[in-house]
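Per-entry structural report
Residue-level listing of the chains:
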Number of protein chains: 2
Amino acid sequence: MAKLTIRIDLSATAAIGPGKVRLLELIDETGSISAAARAMNMSYRRAWLLVDDLNHIFKGEVVTTRPGGGVRSGAQLTAFGRRLAQRYREMETETHGVLAKHLRALNGAMTTPRPSSSKMRKSLARTD
Amino acid sequence: MAKLTIRIDLSATAAIGPGKVRLLELIDETGSISAAARAMNMSYRRAWLLVDDLNHIFKGEVVTTRPGGGVRSGAQLTAFGRRLAQRYREMETETHGVLAKHLRALNGAMTTPRPSSSKMRKSLARTD
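Residues numbered from 1 in each chain as written. Chains lettered and ligands numbered in written order. Predicted model: local features only at pLDDT ≥ 70, side-chain atom pairs only at ≥ 80, totals over all residues. Heavy atoms only, no water.

1. A word on the sheet that holds strand S1 (residues 3-9) of chain A
A sheet is described by the order of its strands in space; here 4 strands give the open sequence S2(A)-S1(A)-S1(B)-S2(B), paired in antiparallel fashion. One side of each edge strand has no neighbouring strand; the edge strands of this open sheet are strand S2 (15-16) of chain A together with strand S2 (15-16) of chain B. The sheet contacts of helix H4 (residues 79-109) of chain A involve S1 and S2 of chain A together with strand S1 (3-9) of chain B, and relative to S1 of chain A the element is tilted by about 135°. (Pairing = 2+ DSSP bridges. Helix = DSSP H or I, 4+ residues; strand = E, 2+ residues; numbered from the N terminus. Contact = heavy atoms within 4.5 Å. Axes fitted to C-alpha atoms, helices over the stretch in contact; angles between N-to-C directions.)

2. A closer look at the nonpolar core
Counting 70 residues, the largest nonpolar core has Phe-58 of chain A together with Phe-58 of chain B as the members making the most contacts within it. Discounting residues that sit within four places of it in the chain, Phe-58 of chain B has contacts with Leu-106, Ala-109, Met-110 and Thr-111 of chain A together with Leu-10, Ile-16, Phe-80 and Leu-84 of chain B. (Core = buried A, V, L, I, M, F, W, Y, C linked by side-chain atoms within 4.5 Å. Buried < 20%, exposed > 50% of the residue type's maximum accessible area, 1.4 Å probe, protein only.)

3. Section: the interface of chain B and chain A
Listed by partner, the interface residues are 33 residues for chain B and 33 residues for chain A. Buried area between chain B and chain A, summed over both chains or domains, comes out near 3000 Å², and the portion from carbon and sulfur atoms is 59%. For Lys-101 of chain A, the salt bridge goes to Glu-94 of chain B, with nearest N and O atoms at 3.0 Å. Where chain B packs against chain A, one counts 18 residue pairs in polar contact (both at pLDDT 80 or more). (Buried area = accessible area lost by both parts, 1.4 Å probe. Salt bridge = Lys/Arg side-chain N within 4 Å of Asp/Glu carboxyl O. Polar contact = N/O pair within 3.5 Å; in protein donor to acceptor, adjacent residues only side chain to side chain.)

4. Some words on unusual backbone geometry
Residues and elements named next belong to chain A. In this structure, Asn-41 takes a positive phi of about 55° despite not being glycine. Tracing the backbone shows Asn-41 in the loop between helix H2 (33-39) and helix H3 (44-57). For Asn-41, a relative accessible area of 78% corresponds to the exposed category.

5. Concerning the relation of the copies chain B and chain A
With an axial shift of 0.0 Å and an RMSD of 0.0 Å, the rotation relating chain B to chain A amounts to 180°. In short, the pair behaves as if placed about a two-fold rotation axis. Residue Ile-6 of chain B of chain B places its C-alpha closer to the rotation axis than any other residue of that unit, at 2.3 Å. In this assembly the copies share their binding face: 97% of the residues contributing to the interface of chain B also contribute to that of chain A. (Least-squares fit on C-alpha atoms with pLDDT ≥ 70 in both.)

6. Quick notes on the confidence of the model for chain A
All names here are of chain A. Overall, the prediction assigns chain A a mean pLDDT of 86, with 82% of residues at 70 or greater. For the stretch residues 116-128, pLDDT sits under 50, and the model shows 1 contact to residues farther than four places along the chain or on other chains. The ipTM for the predicted assembly is 0.80, set against a pTM of 0.80. (pLDDT = per-residue confidence, 0-100.)

7. Notes on the environment of Ile-57 of chain B
Here Ile-57 of chain B is to be found in helix H3 (residues 44-57). Relative accessible area serves as the criterion here: at 8%, Ile-57 of chain B is assigned to the buried category. Here the alpha-carbon distance between Ile-57 of chain B and Ser-11 of chain B, two residues 46 residues apart in the chain, equals 8.1 Å. Not counting residues within four places of it along the chain, the set of residues in contact with Ile-57 of chain B comprises Met-110 and Thr-111 of chain A together with Leu-10, Ser-11 and Ala-14 of chain B.

Structure follows, in structure tokens:
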């Protein structure tokens, strides 16, 4: 199955794509850059640098951090950061919608691994 | 300026993106894999492997080659290959159309490059 990915290059060095957006979502879920990095098998340093890039490219901060070891330490997605991740997901959905016919055509043109029997019946029933 | 890129993963190993599509367009223009590779600062071997990937993933060939040193030797984009490159460009255009409002919003949220002195002032004025 053809799978679509969109990437938005914001500058020569910073881009938003599925990886960075997933990182933001995981920071939102875990409240921690290191926990989010672990969940993506990414080093803390790399995750921190990605967040730092985003924090500098936008007027508003994307992630704020609270140093210290207390219960209120950790990282937090800002309202802007949450909107950014959400916007990317909306962009994905809208792109899939408008490109559906192309993706179907590409899938149809590919030499695909044999479908399972029920899939095959469905495929045989199609008239396109 | 935010710049959008779409990539279509066709399998675990083969994808179509701006680089591969440009390679196909250059093969069409030059009639040669090596000339197309040179124009992209890519090794002939790498270009050949990318073409070979595409030729295997689709039912129809994307590029055909004629060996030998004569005037009719070289590489040619098939009608299917030409349609594939064209389709990718259509996908780009349609995606830009549907995502225009998001790209405008992202551009508006970005810090624009400034001359160094004003950047410094801005940085000094920050209170965080």
